[in-house]
Amino acid sequence: LGKSFVTYTIRIFKGEESWIIDRRYRSFERLHKKLRVIKTYGLRLPPKRAFKQLDDRHVDMRRSLLQGYLSALVSDPELHLQSEVYTKMMLLGK
């Protein structure tokens, strides 16, 4: 049998706009890695190894941390000026 995995469904708000991101953790890791090249980028992605378990409690905790991470990303005044950030956010899905 294949490995189990979790898809995180997160709603992000920016002003009157909102969108839903529905991705596996590794998609968030890829985004984070690409954004780290921006000098003003200082956000931390919630760690993967702290949540090896896939029970509902751990999944909800990681989803909440990922939501906070993405909310901070889109609301950061330094980063929001970087159109590259939005381009890469949209790669995750709208």
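Provided above is the structure to which this section pertains.
Residues numbered from 1 in each chain as written. Predicted model: local features only at pLDDT ≥ 70, side-chain atom pairs only at ≥ 80, totals over all residues. Heavy atoms only, no water.

Chemist: Explain the nonpolar core to me, please; I cannot follow it from the model alone.
Modeler: Nonpolar side chains in soluble globular proteins generally cluster together in the buried interior. Counting 20 residues, the largest nonpolar core has Tyr 8, Phe 28 and Leu 70 as its most contacted members. Of all the elements in the fold, those that place two or more residues in this core are strand E1 (7-14), strand E2 (17-24), helix H1 (25-35) and helix H2 (56-75). Here this core gets 6 residues from one element, more than from any other, and that element is H2. (Core = buried A, V, L, I, M, F, W, Y, C linked by side-chain atoms within 4.5 Å. Buried < 20%, exposed > 50% of the residue type's maximum accessible area, 1.4 Å probe, protein only. Helix = DSSP H or I, 4+ residues; strand = E, 2+ residues; numbered from the N terminus.)

Chemist: What is the right way to look at a positive patch on the surface in this model?
Modeler: Together, Lys 3, Arg 26, Arg 30, Lys 34 and Lys 48 make up a positively charged patch on the protein surface. Considering the arrangement of structural elements, one finds Lys 3 in the segment before E1. According to the relative accessible area criterion, Lys 3 is exposed, its value standing at 82%. (Patch = residues over 30% accessible without salt bridge, like charges linked within 9 Å, V, L, I, M, F, W, Y side chains within 5 Å. Areas by Shrake-Rupley, 256 points an atom, 1.4 Å probe, with all protein chains shown as cover. Salt bridge = Lys/Arg side-chain N within 4 Å of Asp/Glu carboxyl O. Lys, Arg positive; Asp, Glu negative; His and termini not counted. Charge placed at Lys NZ, Arg CZ, Asp CG, Glu CD.)

Chemist: Got a minute to help me understand the environment of Ile 21 in this structure?
Modeler: Relative to the helices and strands, Ile 21 resides in strand E2. Note on Ile 21: relative accessible area 0%, which makes it buried. Remark: the alpha-carbon pair of Ile 21 and Ile 10, spanning 11 residues in sequence, is separated by 5.2 Å.

Chemist: What am I meant to see in the pairing of E2 here?
Modeler: Each regular strand carries side chains that alternate between the two faces of the sheet. The sheet contact formed by E1 and E2 spans 8 bridges and is antiparallel. The residue of E2 that forms the bridge with Thr 9 is Asp 22. Taken together, E1 and the strand that follows it, E2, pair antiparallel across an intervening segment of 2 residues, in which Gly 15 is found at a positive phi of about 60°. (Pairing = 2+ DSSP bridges.)

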